[in-house]
Amino acid sequence: MAFQEYLDLFLVPSGLLIMFLYHLYLLYRYLNFPHTTVLGFENNDKRAWVERIMQADKTDVEMALNVIASNTSAATFLASISLTLSSIIGAWLGGSSGNVFESELIYGDTRPSTISLKYISLLICFLLAFSCFVQSARHFVHANYLFSIPGSDIPVKNVEVAIIRGSDFWSLGLRALYFALNLLLWFFGPIPMFVSSVVTVIILHNLDSNSTPLHQYHKPPGNQMLKRVGQTISEFRVDV
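Only a predicted model underlies this, so the values are computations on that prediction, with no experimental measurement involved. (Residues numbered from 1 in each chain as written. Predicted model: local features only at pLDDT ≥ 70, side-chain atom pairs only at ≥ 80, totals over all residues. Heavy atoms only, no water.)

S.K.: If you had to explain the overall build of the protein chain to someone new, which residues and values would you point to?
M.R.: Counting its secondary structure elements, the protein chain contains seven helices and zero strands. In sequence order, the protein chain lays out its α and β elements as α-α-α-α-α-α-α. By the burial criterion, 40% of the 240 residues in the protein chain qualify as buried. The contacts in the protein chain between residues at least 6 apart in sequence include a share of 84% that link residues at least 24 apart. Counting only carbon and sulfur atoms, one obtains 67% of the accessible surface of the protein chain, whose full area is about 13,400 Å². (Helix = DSSP H or I, 4+ residues; strand = E, 2+ residues; numbered from the N terminus. Buried < 20%, exposed > 50% of the residue type's maximum accessible area, 1.4 Å probe, protein only. Contact = heavy atoms within 4.5 Å. Areas by Shrake-Rupley, 256 points an atom, 1.4 Å probe, with all protein chains shown as cover.)

This is how it looks when you write it as structure tokens:
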């Protein structure tokens, strides 16, 4: 039993450390060399998308609002899922002390205190994911308001910031779910958890790396503002 306890003390922090170090490395690349990450590559396309919407016609403006609404709905859905799972875990923590994960078939520390720590760690990850998805939906809703203000002279930069921040919080929410997956496997022992952490980092490194050069979009003439979009929406309402 002592050996199993030491196994948890060594493998679980090692797996979490691998995940944390990888995401710190990813954050460094994202801030200093964004073109080497998929997040930076996608942000480049999103900035161009916002600039193109400024010179769009009525149909394109409505389509852009539908795109933002779809992102908002997806973020809200994942936030609801995260909150539901958090509630289930909280109810399980307050329930009976008997637990299938305390079985001797689980190779690792199965003491009640360790089981409670597993639940609490998993609960924190789901609550963090919920918070990130809520913030993502908030920024997308804010971008929706900016797009649809009639006669607005809001700089395009403000809309770009709202869109990109919404996407960044979306990514943070997904990362919290990745951590939750590894912690979920901890219930089956420290070895599955450690192996899952290593495999997750390998997969994420391949998915997060970008080798495609950024496309240099031509900026629209005159550095137009969202005022044109607002005028287009107003004309559309008048026509209706």
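S.K.: Give me the lowdown on the nonpolar core, citing residues and values where you can.
M.R.: One finds Ile89, Leu122 and Leu183 to be the most contacted residues of the largest nonpolar core, which totals 19 residues. Listed by contribution, the elements that provide at least two residues to this core are α1 (2–32), α4 (112–147), α5 (156–186) and α6 (190–208). With six residues, α4 is the largest single contributor of residues to this core. Look past the residues within four positions of Ile89 in its chain and what remains in contact with it is Tyr119, Leu122, Leu123 and Phe126. Among the nonpolar cores identified, the runner-up in size contains 14 residues, and Ala64, Leu146, Phe147 and Ile154 belong to it. (Core = buried A, V, L, I, M, F, W, Y, C linked by side-chain atoms within 4.5 Å.)

S.K.: Describe the pattern of salt bridges, and please don't skip the residues or the numbers.
M.R.: Throughout the structure, instances matching the rule amount to one salt bridge. Across the pair Arg175 and Asp208 runs a salt bridge, and its minimum N-O distance is 2.9 Å. One end of the pair, Arg175, is in helix α5; the other, Asp208, is in helix α6, and 33 residues separate them in sequence. Looking at Arg175, the relative accessible area reads 13%, which means it is buried. (Salt bridge = Lys/Arg side-chain N within 4 Å of Asp/Glu carboxyl O.)

S.K.: Pulling in residues and values, what's your account of the packing of aromatic side chains?
M.R.: Summed over all chains, the structure comprises four aromatic pairs. With centroids separated by 5.1 Å and ring planes inclined at 45°, the aromatic side chains of Phe20 and Phe179 adopt a geometry described as tilted. Residue Phe20 is found in helix α1, and its partner Phe179 is found in helix α5; the two are separated by 159 residues along the sequence. (Phe/Tyr/Trp six-rings, centres within 6.5 Å; stacked < 30°, edge-to-face > 60°.)

S.K.: Describe the packing of α4 against α5, naming the residues involved and giving the relevant values.
M.R.: Two elements in contact, α4 and α5, have axes whose closest approach is 8 Å; the angle formed by their N-to-C orientations is 165°. Judged on the interaxial angle alone, α5 and α4 are roughly antiparallel. Relative to α5, the crossing made by α4 is left-handed. Here the residues of the contact of α4 with α5 are counted per class, giving 26 nonpolar, 10 polar and two charged. (Axes fitted to C-alpha atoms, helices over the stretch in contact; angles between N-to-C directions. Parallel < 35°, antiparallel > 145°, perpendicular 65-115°, else oblique. Left-handed = near helix turned anticlockwise from the far one by under 90°. Nonpolar A, V, L, I, M, F, W, Y, C, P; charged D, E, K, R; others polar.)

S.K.: Requested: an account of the UniProt feature "transmembrane region" (unreviewed entry) in the protein chain, with residues and values cited.
M.R.: Mapped onto the present numbering, the UniProt feature "transmembrane region" (unreviewed entry) falls at residues 6–28, 74–95, 115–134 and 177–204. Across residues 6–28, the secondary structure splits into 100% helix and 0% strand, with the terminal C-alpha atoms separated by 33 Å. Split by type, residues 115–134 is 100% helix and 0% strand. Its first and last C-alpha atoms lie 29 Å apart. (UniProt positions renumbered as here; feature names shortened; annotations may be inferred.)

S.K.: Let's hear about a nonpolar patch on the surface: which residues, and what values?
M.R.: Where nonpolar side chains cluster on the molecular surface, the patch consists of Tyr107, Ile191, Val195, Val199, Ile203 and Leu207 and spans about 530 Å² of accessible area. Taking the relative accessible area as the measure of exposure, Leu207 reaches 55% and is therefore exposed. (Patch = residues over 30% accessible without salt bridge, like charges linked within 9 Å, V, L, I, M, F, W, Y side chains within 5 Å.)

S.K.: Let's hear about the side chain of Ser196: which residues, and what values?
M.R.: Relative to the helices and strands, Ser196 is located in helix α6. Residues within four places of Ser196 in sequence aside, it is in contact with Asn182 and Leu185.

S.K.: Summarise the environment of Asp45; cite the residues concerned and give the values.
M.R.: Note on placement: Asp45 falls in helix α2 (residues 38–54). Given the relative accessible area of 27%, Asp45 is considered partly exposed. A C-alpha to C-alpha distance of 8.7 Å links Asp45 and Leu214, two positions 169 residues apart in sequence.

S.K.: I'd like to hear about the packing of α5 against α6, residue by residue, with values.
M.R.: Orientation of α5 relative to α6, taken along the N-to-C sense of each, is 155°, at an axis distance of 7 Å. The angle between α5 and α6 falls in the class roughly antiparallel. As α5 runs across α6, the sense of the crossing is right-handed. Two secondary-structure elements touch here, α5 through Arg175, Tyr178, Asn182, Leu183, Leu185 and Trp186 and α6 through Pro190, Pro192, Met193, Ser196, Ser197, Thr200, Leu204 and Asp208. Residues that form the contact of α5 with α6 fall into these classes: eight nonpolar, four polar and two charged.

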